[in-house]
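# Survey of secondary and tertiary structure
Residue strings, one per chain:
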Amino acid sequence: MRFSAVWKVLCGAAVRRPRCRAAHFYTKIEYVDRLEDVAAPADKFTIYLPQHNAQQAYDTVYASQQSIYSVAVAGECWVDIMNPGVHKGAALQTLGQLWGLPSESMMAFGDTYNDAEMLQTVRYGFLMENGSEPLRQKVPFLAPSHREAGVMQVLHRVLAQNGCVCPEDFVPAH
């Protein structure tokens, strides 16, 4: 299978296409001809697939790399390739340790596969209603769509109860 017009992003450095969509997601971009020319450490390598076929690319090319890297579909157009153990869930665990916050007291919101570990790490992990359907089996709760300000709706509920919530207060994802 061939994936044409793939743009690669590494630490904010983009390859191909001088005006790629990566500018929407990165504040500092350095354009290079070859990723091998970038002399910077990287924890994440992002592949942009403008044909909106990230899941297909993952299934046919990147899924087989899971034993070497952490690989996740990050949206219709994005595949993230990271060092083993690098994911949003590990980041929340680290922050929790630094700040003295147990994961049982944390809340997180996400919509796609690169959020899965994060949503499973915290007690209150919310998949957005418009998020990746297969993730519903992996996460505890469902929040209204981002188009309906779903994060704000959940946070309003938590604040209205002075932070005293329990799992029964929320919509189960499955």
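Residues numbered from 1 in each chain as written. Predicted model: local features only at pLDDT ≥ 70, side-chain atom pairs only at ≥ 80, totals over all residues. Heavy atoms only, no water.

## Quick look at the overall build of the chain
Secondary structure summary: the chain contains four helices and ten strands in total. Ordered by position in the sequence, the α and β elements of the chain form the string β-β-β-β-α-β-β-α-β-α-β-β-α-β. Considering only contacts in the chain between residues 6 or more positions apart, those separated by 24 or more positions represent 42%. By element, 53% of the accessible surface of the chain is carried by carbon and sulfur atoms, the whole surface being about 10400 Å². (Helix = DSSP H or I, 4+ residues; strand = E, 2+ residues; numbered from the N terminus. Contact = heavy atoms within 4.5 Å. Areas by Shrake-Rupley, 256 points an atom, 1.4 Å probe, with all protein chains shown as cover.)

## Considering the pattern of salt bridges
Per the stated rule, a full pass over the model turns up three salt bridges. A salt bridge links Lys88 to Asp115, with the nearest nitrogen and oxygen atoms 2.6 Å apart. Placement of Lys88 in helix α2 (residues 88–99) and of Asp115 in the loop between β7 (107–110) and α3 (116–121) is noted, with a sequence separation of 27 residues between them. The salt bridge involving Glu133 is made with Arg136; its shortest N-O contact spans 3.6 Å. Owing to a relative accessible area of 17%, Arg136 belongs among the buried residues under this scheme. (Salt bridge = Lys/Arg side-chain N within 4 Å of Asp/Glu carboxyl O. Buried < 20%, exposed > 50% of the residue type's maximum accessible area, 1.4 Å probe, protein only.)

## A few points about the packing of aromatic side chains
Taken as a whole and judged by the stated rule, the model has seven aromatic pairs. Consider the rings of Tyr48 and Trp78, whose centres lie 4.6 Å apart with planes at 45 degrees: the pair is tilted. Within this pair, whereas Tyr48 is found in strand β4 (residues 44–48), its partner Trp78 is found in strand β6 (residues 78–82), the two being separated by 30 residues in sequence. Look at Phe109 and Phe126: their rings are 5.1 Å apart centre to centre, the planes differ by 15 degrees, and that puts the pair in the stacked class. Taken together, the residues span a long stretch of sequence, with Phe109 in strand β7 and Phe126 in strand β8 (residues 124–128) at a distance of 17 residues. (Phe/Tyr/Trp six-rings, centres within 6.5 Å; stacked < 30°, edge-to-face > 60°.)

## Here we look at the confidence of the model for the chain
Interpretation of the predicted coordinates at a detailed level should be avoided for regions scoring low in pLDDT. Mean pLDDT over the chain: 84, with 84% of residues reaching 70 or higher. Ignoring residues within four places in sequence, the model shows residues 1–5, a span with pLDDT below 50, making 14 contacts including any to other chains. (pLDDT = per-residue confidence, 0-100.)

## Quick word on the sheet that holds β8
One open sheet accounts for four strands, arranged β7-β8-β9-β10; its pairing is mixed. Bordering the open sheet on either side are β7 and β10 (171–172), each of which pairs with just one other strand. The pairing of strand β9 (residues 141–143) with β10 spans two bridges and is antiparallel. Its bridge partner lying in β10, Leu142 is registered against Val171. (Pairing = 2+ DSSP bridges.)

## With respect to helix α1 (residues 54–62)
Of all the residues in α1, the buried ones are Ala54, Ala57, Tyr58 and Tyr62. Across the axial projection of α1, the buried residues extend over an arc of 100 degrees, all falling on one side. Summarising the contacts, the buried residues of α1 are in contact with β4, β5 (70–75) and β6. (Arc of directions from axis to C-beta.)

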